Amino acid sequence: MKIAKIIVDVPLMQTDKAFSYRVPDELLDFLMIGMRVHVPFGSANRLVQGIVVDFADEEIFSDLKAVSEVLDPEPVLTKEQLWLADEMRHSVFSYKISCLKAMLPNLLNSSYDKLLVAADGSKLRWSQLTEADKVLSVKKVRSAELSVEYIAKSKENRKTQKFVVVNDVDKLSAFEIEKRAKKRLEMKYYLLRHADEKLSVKDLDFSSAILKFFVENQLVHIEEVELSRTQATFDAVSSDSAKVLNDEQQNAFNHIIKSVEKPFLLEGITGSGKTEVYLQTIAHFLELGKTAIMLVPEISLTPQITNRFIARFGEKVAIMHSGLSDGEKYDEWRKIKSGAAQVVVGARSAIFAPVENLGVIIIDEEHESSYKQDASPRYHARDIALLRAKWHHAALVLGSATPSLESRARAMRGVYELLLLTKRANESAILPDVEIVDMRREISDQSSNFSHVLLSKIKEKIEKDEQVILMLNRRGYSSFVMCRECGFVVDCPNCDISLTLHMDTRTLNCHYCGHVQGIPQTCPNCQSRKIRYYGSGTQKVEEELHEILPEARVLRMDVDTTRTKNAHEKILEKFGHHEADILLGTQMIAKGLDFPNVTLVGVINADTGLNLPDFRASERSFELLMQVAGRAGRADKKGEVLIQTFNPKHYAIELTKSQDYEKFYEMEMRFRRELSYPPYYFTVQVLVSHKDEEVAVQKSYEIAQLLRQNLTEKAKILGPTPRPIARTHNLYHYQILVKYRFEESLERALNQVLELTQLRENKELRVLIDSEPQNFV
DNA sequence: AGCACGCCGACT
DNA sequence: GTCGGCGTGCTC
């Protein structure tokens, strides 16, 4: 008997293993590892989706159930991907099915429903019943008036277009149609007139009944053609060809294509032409008949970037990002799977793209924390890339102007090979002048967001018809509502956090649990009418700018103005056409924008992110400032950068003036060493949540104790401490941070912690394990 | 999760 | 006596 080992789509600890099913005879030759199936599961035999991961001939279980249905004509997951899922599990502390699902487009996940079958054979869909009808139906099921049938359905769908094709013109013209059938006659002549055209059924001006008549009489047939949902992008881009590399670029290129011994860290200042190196590297591997994955942070996955790849590689490119609909993602996935696309450009999850024969993986802006998924499975794209590069013997390139300390340290230790780009690719371009403005000395109006020097520079640039980018650092910042009389701040009822003001919808929103409420007119605490908006949202800065410089045309770019599809691109396009003088935005304007006419970049508040309780606060601030500074003066005009700060002496800010990554690396490493943080130590965070604060405290102490018992004395266990935002979703959160170097039994100990949640007494306890956490706030 | 089984209290 | 409430345990 052939037995299939199947991982079922029930993400729970108790079901997190392969289940055995009998393979029915008719599927013996057909079923393969990596295919999706539907299997009966549980005492009621409801159908769930599963993935075949192995076969066996024997089984200790006696009466196996059989696979009900196979969903794929060929495997949707490769052997490599199944291996990746196994490898991933050592670090992500998630379920295997969750790892596998991360590799598949959403449309390949089944949806489930139930059918209620009456004695007369009539059927009702459970999901379409009202609550009252559901109660009624349950009773009828119990009295056997109705029976239940479980259904599972793969959501996959393809976009197609139907065309009418005339079978034989002569036959059609000879075919007699009664005179009174006016519409049919009309259609006949219409078809004869357009016999050599592709007539889309959708655009046809005749009813389906008329069309049916012609089909039934075999005068025409319907042809269904599959459409790609992402086709449109390619048409608008004009192609381009390789540029000449300077000696540094050429050197980097030569190294990368020569050896796959170890990963490369390509460290290049803004404008040093990293992208051109990427493009030519990919081109090289394509010539060898191999494929490539190019990862870009989600936020910079703009048409400006993707178009460069489309311009170079045309239809060989598949683009994957979160802005695509499920259908579009599925189409791109199939383009890759079938081999039609050989270059994948995408955000984090594109690291799982089903490419075969991989030649090179490139991770641009490798320091970006968004490469780590902050929901389960908590994988880091860099780790997956290392695994895939190993499997395929592919080259791996990590690129950045400001590498993460982890990567740079590995390069220093010789784990990665360091490749430097120190010159701007366009040699006439000069590095911008960076000036730091000490806001403590701005004696003027305390409430203003603008220093005198920044204002006069803005005026100066606008007069010269040049453009300005202003960045408002929103990290660790939000606008809230406070009463000037009693100091009352409007908080979320579920979370210990102040609500954020959204002027466009005129609501107060909780960014954690999604709670929304109106803006109060009077203070809920003291009834004073002096309840005001605080904080510097971009909207408020925009208003102030408008007041001071009424003649300046301002474009605002933040989460509020980019909510709709393509809003992002439209704003950038407008700015590029000089329809505005100032682009005011949050972090999102720091990445990858290239506007030659921008000669001034102003940072309104450099330090809001600096004091966050996160050991990477300095690193993040430095990266951000370096990045935004790179937006100034990219062409022949010299750029200027003004950074407003209350901490002018902080090294993360001071060192942006000289754009000195080396010095920053040195200082930050010293600090990391002193406090035993990465890259000197590895970290793993355990997050414990419970609706009762006392239980949360008690359980987190228990867990910390358990870890202490199982780890060596060299491991440092911090906490438990309340999270910076101690309560969200009506749950109290406590965190434990383990810092370690070599702990053989760590994985086992952490799995033991997870086992604790299986105890009945811990039913309401939530434990989350995050290896190498990126965000502590 | 989602379903069945089983044990207890409130009813025709 | 039975109906239905939810606590408990299992899923090849």
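None of the values given here were measured: they were computed from a predicted structure.

Asks: Help me understand the sheet that holds strand S28 (residues 598-603) in this model?
Replies: Sheet strands pair by backbone hydrogen bonding; their relative direction is either parallel or antiparallel. Pairing in this open sheet of six strands is parallel, and the strands run S19-S29-S28-S20-S27-S26 from one edge to the other. Since the sheet does not close on itself, it has two edges, and those belong to strand S19 (433-438) and strand S26 (554-557), each with one partner. For this sheet, the mean angle separating the axes of adjacent strands, direction not counted, is 15 degrees. Contacting S19, strand S20 (467-471), strand S27 (582-585), S28 and strand S29 (640-645), helix H14 (residues 452-463) runs over the sheet at an angle of about 155 degrees to S29. Seen against the sheet, helix H17 (residues 617-629) touches S20, S28 and S29 and runs at an angle of roughly 160 degrees to S28.

Asks: What is the right way to read the domain arrangement of chain A from this model?
Replies: Size of an interface, as often reported, equals the accessible area lost when the parts are brought together. Here chain A is partitioned into domain 1 (2-112), domain 2 (160-226), domain 3 (235-421), domain 4 (433-478 + 536-671), domain 5 (480-534) and domain 6 (682-771). On a C-alpha basis, the centroid separation for the pair domain 1 and domain 3 is 31 Å. Taken residue by residue, the interface counts 22 residues in domain 1 and 19 residues in domain 3. Of all residues in domain 1, Glu-80, Trp-83 and Leu-107 bury the most surface against domain 3, accounting for 28% of the area lost on that side. Run the count over domain 1 and domain 3 and you get one salt bridge. For the salt bridge of Glu-80 with Arg-388, the shortest nitrogen-to-oxygen distance reads 2.8 Å. Counting the contacts that link domain 1 with domain 3 gives six residue pairs in polar contact (both at pLDDT 80 or more). Only helix H1 (79-92) and helix H2 (96-101) provide two or more residues apiece to the side of domain 1 that touches domain 3. No other element matches H1, which puts eight residues into the side of domain 1 that touches domain 3. Looking at the side of domain 1 that touches domain 3, its residues break down into 14 nonpolar, five polar and three charged.

Asks: Please clarify how the environment of Lys-638 should be interpreted in this entry.
Replies: By the element assignment, Lys-638 lies in the loop between H17 and S29. For the pair Lys-638 and Pro-432, spaced 206 residues apart in sequence, the C-alpha to C-alpha distance is 6.2 Å.

Asks: Help me understand the UniProt feature "binding site: Zn(2+) 2" (unreviewed entry) in chain A, please; the structure alone is not making it clear to me.
Replies: The sites that carry the UniProt feature "binding site: Zn(2+) 2" (unreviewed entry) are, in the present numbering, Cys-492, Cys-495, Cys-510 and Cys-513. Topologically, Cys-492 is positioned in the loop between strand S21 (480-483) and strand S22 (500-502). Counting through the fold element by element, Cys-510 comes out in the loop between strand S23 (507-509) and strand S24 (516-518).

Asks: Where do I start with the sheet that holds strand S6 (residues 110-118) in this structure?
Replies: Taking strand neighbours across the sheet as the criterion, the three strands line up as S7-S6-S8 in an open arrangement whose pairing is antiparallel. The open sheet has two edge strands, strand S7 (123-125) and strand S8 (146-154), and neither has a second partner. The average undirected angle you get between the axes of adjacent strands in this sheet is 30 degrees. Pairing of S6 with S7, which is carried by three bridges, proceeds in the antiparallel orientation.

Asks: What's the story with the protein's contact with DNA strand B in this structure? I'm lost.
Replies: The environment of DNA strand B is made up of Leu-12, Ser-43, Ala-44, Arg-46, Lys-114 and Tyr-150. A share of 62% of the atoms of DNA strand B within 4 Å of the protein falls on sugar and phosphate groups. Interatomic distance of 3.5 Å between a side-chain N/O atom of Lys-114 and a phosphate oxygen of DNA strand B. Between DNA strand B and Tyr-150 there is a distance of 3.4 Å, counted from a sugar or linking oxygen to a side-chain nitrogen or oxygen. Its residues assigned to classes, the surface near DNA strand B comprises three nonpolar, one polar and two charged.

Asks: Would you mind showing me how to read the pattern of salt bridges here?
Replies: Side chains that differ in charge, positive against negative, can pair when their charged atoms come close. A full pass over the atoms with the stated rule returns 38 salt bridges. The shortest N-O distance in the salt bridge between Arg-334 and Asp-331 comes to 2.8 Å. Taken together, the residues span about one helical turn, with Arg-334 and Asp-331 both in helix H11 (residues 326-337) at a distance of three residues. In this pair, the class of Arg-334 matches that of Asp-331, namely buried. Connected via shared salt-bridge partners are Arg-36, Asp-72, Glu-156, Arg-158, Glu-226, Asp-331 and Arg-334.

Asks: Looking at this structure, how should I read the protein's contact with DNA strand C?
Replies: In the vicinity of DNA strand C lie 14 residues, with Ser-20, Tyr-21, Phe-61, Lys-65 and Arg-760 positioned nearest. Backbone atoms, meaning sugar and phosphate, make up 54% of the atoms of DNA strand C lying within 4 Å of the protein. Within the backbone of Gly-42, one N or O atom sits 3.2 Å away from a sugar or linking oxygen of DNA strand C. Contact distances for DNA strand C include 3.0 Å between a phosphate oxygen and a side-chain N or O atom of Arg-760. Elements represented by at least two residues in the surface near DNA strand C include exactly strand S2 (18-22) and strand S3 (36-41).

Asks: Help me out: how do you make sense of the environment of Arg-180 in this one?
Replies: Note on placement: Arg-180 falls in the loop between helix H4 (169-174) and helix H5 (182-193). Exposure remark for Arg-180: the relative accessible area of 70% places this residue in the exposed category. At 3.1 Å, the side chain of Arg-180 forms a polar contact with the side chain of Glu-178.

Asks: Honestly, the packing of H17 against helix H19 (residues 661-674) in this entry has me stumped. Any pointers?
Replies: Geometry of a packed helix pair, given as the angle between the helix axes and the separation of the axes. In the contact formed by H17 and H19, the axes pass within 11 Å of each other and the chain directions differ by 170 degrees. Between H17 and H19, the angle falls in the class roughly antiparallel. Contacts between H17 and H19 involve Ser-618, Glu-619 and Phe-622 from the former and Tyr-661, Phe-664, Glu-668 and Arg-672 from the latter. In terms of residue class, the contact of H17 with H19 is built from three nonpolar, one polar and three charged.

Asks: Whenever I open this one, helix H16 (residues 567-576) confuses me. Can you help?
Replies: Owing to its 3.6 residues per turn, the α-helix aligns residues three or four sequence positions apart on the same side. Taken together, the buried positions of H16 are occupied by Ala-567, His-568, Ile-571, Leu-572 and Phe-575. The arc that holds every buried residue of H16, seen down its axis, measures 130 degrees, which confines them to one face. Along H16, the residues that are exposed and aim more than 90 degrees away from the buried face are Lys-570 and Glu-573. In this structure, the buried residues of H16 make contact with S20, S26, S27 and S28. Downstream of H16 by one or two residues, His-578 has phi in the positive range, about 60 degrees.

Asks: What is the right way to look at the packing of aromatic side chains in this model?
Replies: Working definition: an aromatic ring pair is given by the centre-to-centre distance plus the angle between the planes. One pass over the structure, following the stated rule, counts 13 aromatic pairs. Considering the side-chain rings of Phe-213 and Phe-214, the 5.5 Å spacing of their centres and the 85 degrees angle between planes classify their relative orientation as edge-to-face. Neither Phe-213 nor Phe-214 differs from the other in exposure class; each is buried. Taking 6.2 Å as the distance between ring centres and 25 degrees as the angle between the ring planes, the aromatic pair formed by Tyr-661 and Tyr-665 counts as stacked. Here the residue Tyr-661 and the residue Tyr-665 both occupy positions in helix H19, the gap between them amounting to four residues, near one helical turn. Taken as a pair, Tyr-661 and Tyr-665 share a single burial class, namely buried.

How each quantity is defined
- Residues numbered from 1 in each chain as written.
- Chains lettered and ligands numbered in written order.
- Predicted model: local features only at pLDDT ≥ 70, side-chain atom pairs only at ≥ 80, totals over all residues.
- Heavy atoms only, no water.
- Pairing = 2+ DSSP bridges.
- Helix = DSSP H or I, 4+ residues; strand = E, 2+ residues; numbered from the N terminus.
- Axes fitted to C-alpha atoms, helices over the stretch in contact; angles between N-to-C directions.
- Contact = heavy atoms within 4.5 Å.
- Domains from an automatic or database assignment.
- Buried area = accessible area lost by both parts, 1.4 Å probe.
- Salt bridge = Lys/Arg side-chain N within 4 Å of Asp/Glu carboxyl O.
- Polar contact = N/O pair within 3.5 Å; in protein donor to acceptor, adjacent residues only side chain to side chain.
- Nonpolar A, V, L, I, M, F, W, Y, C, P; charged D, E, K, R; others polar.
- UniProt positions renumbered as here; feature names shortened; annotations may be inferred.
- Near = heavy atom within 4 Å.
- Buried < 20%, exposed > 50% of the residue type's maximum accessible area, 1.4 Å probe, protein only.
- Parallel < 35°, antiparallel > 145°, perpendicular 65-115°, else oblique.
- Arc of directions from axis to C-beta.
- Phe/Tyr/Trp six-rings, centres within 6.5 Å; stacked < 30°, edge-to-face > 60°.

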